[in-house]
Amino acid sequence: MALGDVNIISPLGNNLPSARTMRTEANTTVINPGEPVVIGGTNNHYAVACADAKPIASDATFAGIAASLSNQTVALNGTVDVYPAVPGLVYSCKAKTASAFDTDAEILALVNYSVYFDLTSSVYSIDTGNAGNNNTNGLRIVGGDSTSSTVYFTVLPGAVFPS
């Protein structure tokens, strides 16, 4: 997958939550720093790379954003450091379709709508094409940067795995 698809933009500086070490399951996809992490695997005991069209607001599995490269192998479990999802964090990620998020008017029209991650060709983006005001999707748009088609978002509480 791709390195640094998702970033924490607020709070700035050294005010990030402390990363916590989570277990990863053998023979699973390697997690890169900057990728969204959910709880899954055997009996939901492991940190795994977020799947396409996730998180969902009614499925409390979103753990946060990877701070390190996971180190599991084909035969051995490993670990990954994860910045936990906590209230108030604002994240950034490119829009899936840049032309749908490249004007201030387009961004304003989508503020407060819920969305989820798209995972295409091993790259995470925000699928603004499925934005809705129904709080079903696990991410909420709070703004963006029209010059780079970057979406600013928070995670809905119902999608967050309890720490």
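As a reminder, the structure under discussion sits directly above these lines.
Per chain, residue numbering runs from 1 following the sequence as it is written. Local features are withheld for residues below a pLDDT of 70 in this predicted model, meaning they are given only at 70 or higher, and side-chain atom pairs are given and counted only at 80 or more; totals for whole chains, interfaces and linings count all residues. Only heavy atoms go into the side-chain values, all of them from the structure, while hydrogens and water stay out.

Turning our eyes to something else, we now look at the sheet that holds strand S5 (residues 62–66). Sheet strands pair by backbone hydrogen bonding; their relative direction is either parallel or antiparallel. Strand order in the open sheet formed by five strands is S2-S6-S5-S3-S4, with antiparallel pairing between adjacent strands. Lying at the two open borders of the sheet, with one neighbouring strand each, are strand S2 (20–24) and strand S4 (46–49). For this sheet, the mean inter-axis angle between neighbouring strands, taken without regard to orientation, is 50°. At least two DSSP bridges between two strands are needed for those strands to be called paired. Helix and strand labels come from DSSP, where a helix needs a run of H or I of at least four residues and a strand needs a run of E of at least two; each type is numbered from the N terminus. Pairing between S5 and strand S6 (residues 78–84): three bridges, direction antiparallel. Note on definitions: angles span 0 to 180 degrees between N-to-C directions of axes, and those axes are lines fitted to C-alpha atoms, for helices only across the stretch in contact.

Structurally, the position occupied by Ser68 is in the loop between S5 and S6. For this analysis, a polar contact is any N or O atom pair within 3.5 Å, provided that within protein one partner can donate a hydrogen and the other can accept it, and provided that sequence-adjacent residues contribute only side-chain to side-chain pairs. One polar contact links the side chain of Ser68 to the main-chain amide nitrogen of Asp81, over a distance of 2.8 Å. If we ignore the near neighbours within four places in the chain, the residues touching Ser68 are Ile31, Asn32, Pro33, Val80 and Asp81. Only heavy atoms enter the contact rule, under which two residues are in contact if any of them lie within 4.5 Å.

Disulfides are defined as cysteine sulfur pairs within 2.5 Å. Counted under the stated rule, the structure contains zero disulfides. Looking at the unpaired Cys93, the closest cysteine sulfur is the one in Cys50, lying at 10 Å.

This next bit is on the layout of surface pockets. Empty space among the atoms becomes visible once a probe the size of a water molecule is rolled across them. Space inside and on the surface of the protein is sampled on a 1 Å grid over the protein atoms alone, with a cavity defined as a set of points where a 1.4 Å probe fits but cannot get out and a pocket as an open set with protein on both sides within 12 Å along at least 5 of 7 lines; lining residues have an atom within 4 Å of a point. Grid points are joined across faces, edges and corners, and a volume is the space filled by probe spheres set on the points. Considered as a void within the structure, the largest pocket measures approximately 170 Å³ in volume. Ala85, Val86, Pro87, Gly88, Leu89, Tyr91, Thr154, Val155, Leu156, Pro157 and Val160 together form the lining of the largest pocket. Basically, the charged four are Asp, Glu, Lys and Arg, the nonpolar ten are Ala, Val, Leu, Ile, Met, Phe, Trp, Tyr, Cys and Pro, and anything else, Gly included, counts as polar. For the lining of the largest pocket, the per-class residue count stands at nine nonpolar, two polar and no charged.

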